[in-house]
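# Close look at the chain arrangement
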Amino acid sequence: MKKLYAIMAVISIIVRQVYLPNPFECFGDMAWLYNLIAEPIIHGAAFLLVGTIYRKGSFPALGGFLYLVAYAVVTGILALMGIFSFAWWWVLIIVVAMIAICVLLAKLRRWLDGTTW
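Before going into details, it helps to say that this report is about the structure given with it. Within each chain, residue numbers correspond to sequence positions counted from 1 in written order. Where local features are concerned, this predicted model is filtered to residues with pLDDT of at least 70; where side-chain atom pairs are given and counted, the filter is 80 or more; whole-chain, interface and lining totals use all residues. The side-chain figures draw on all heavy atoms in the structure; neither hydrogens nor water molecules are used.

### Points about the overall build of the protein chain
The helix and strand labels rest on DSSP assignments: H or I over at least four residues marks a helix, E over at least two residues marks a strand, and numbering proceeds from the N terminus. Secondary structure summary: the protein chain contains four helices and zero strands in total. Along the chain direction, N to C, the helices and strands of the protein chain fall in the order α-α-α-α. Taking the principal axes of the C-alpha coordinates as reference, the protein chain spans close to 45 × 35 × 15 Å. Partly exposed residues are those whose accessible area sits between 20% and 50% of the maximum for their type, while under 20% is buried and over 50% is exposed, using a 1.4 Å probe and protein chains only. Counting only residues that meet the buried cut, the protein chain has 26% of its 117 residues in that class. Note on contacts: a residue pair is in contact if any heavy atoms of the two residues lie within 4.5 Å. Excluding contacts between residues fewer than 6 apart, the proportion of contacts in the protein chain whose partners are at least 24 apart in sequence is 63%. All accessible areas in this document rest on Shrake-Rupley with a 1.4 Å probe, and a residue is counted as covered only by the protein chains that are shown. Total accessible area computed for the protein chain in this model is approximately 8,000 Å², and 76% of it derives from carbon and sulfur atoms. Of note, the protein chain has its 8 positive side-chain charges centred 21 Å away from the centre of its 4 negative side-chain charges. When charges are counted, Lys and Arg contribute as positive and Asp and Glu as negative, whereas His and the chain ends are disregarded. Charged side chains are reduced to one point each, which is NZ for Lys, CZ for Arg, CG for Asp and CD for Glu.

Encoded structure:
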């Protein structure tokens, strides 16, 4: 099982570093700096999203895959915001949608665990 997780971790690193775009390209030459600053926040958001549906240690390779998917989704959302040059109204819409999705995922997890809504 550790071997499968290690393979998933390597695939995840390659995809994140090579294939996912820099969501801050709309800022030109400063895009790398914004990406460097936002990277810990993106990782934290992806980790929290995965934590709403994944139980730590249950199947590490699945957790790694879910993390990659969550990271790609957060990066994609930031890229969408970049299309609109991070207009305040667009950022607000996305933040509200992300909060709603997190709440729904947490409720789904509780429902699947057999606890009440």
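### Examining helix α1 (residues 2-19)
Its 18 residues give α1 an end-to-end C-alpha distance of 25 Å, which sits within 8% of 26 Å, the value for a rise of 1.5 Å per residue. Within the span of α1, buried status applies to Met-8, Ser-12 and Arg-16. Along the long axis of α1, the arc covered by the buried residues comes to 65°, so they all point the same way. Among the exposed residues of α1, those oriented more than 90 degrees off its buried face are Lys-3, Gln-17 and Val-18. To estimate how far a helix should reach, multiply one less than its number of residues by 1.5 Å. Within this analysis, the arc is defined by the directions that extend from the helix axis to the C-beta atoms.

### Concerning a nonpolar patch on the surface
A grouping of Leu-80, Ile-83, Phe-84, Trp-88, Trp-89, Leu-92, Ile-93 and Val-96 is seen on the molecular surface, where their side chains present a nonpolar patch of about 870 Å² in accessible area. Of all the elements, helix α4 (residues 88-113) adds the most residues to the nonpolar patch, at five residues. In this fold, Leu-92 is placed in helix α4. Residues qualify for a patch when their relative accessible area is over 30% and they have no salt bridge, like charges being joined within 9 Å and the nonpolar side chains of Val, Leu, Ile, Met, Phe, Trp and Tyr within 5 Å. Should a side-chain nitrogen of Lys or Arg be within 4 Å of a carboxyl oxygen of Asp or Glu, the pair is scored as a salt bridge.

### A few points about α4
The end-to-end C-alpha separation of α4 is 38 Å, in line with the 38 Å expected for 26 residues at 1.5 Å each. Those residues of α4 that are buried are in contact with α2 (31-51) and α3 (60-83). With its phi angle positive at about 95°, Gly-114 sits one or two positions after the end of α4.

### Here's the deal with the side chain of Thr-75
Within the secondary structure, Thr-75 sits in helix α3. The exposure class of Thr-75 is buried, given its relative accessible area of 3%. Setting aside chain neighbours within four positions, we find Thr-75 in contact with Leu-20, Pro-21, Pro-23 and Ile-42.

### A closer look at the environment of Leu-4
By secondary structure assignment, the location of Leu-4 is in helix α1. Under the relative-accessibility criterion, Leu-4 is labelled partly exposed at 44%. Residues Leu-4 and Gly-28 lie 24 residues apart in sequence; the distance between their C-alpha atoms is 39 Å. With sequence-adjacent residues up to four places away left out, Leu-4 is seen in contact with Phe-59 and Ala-61.

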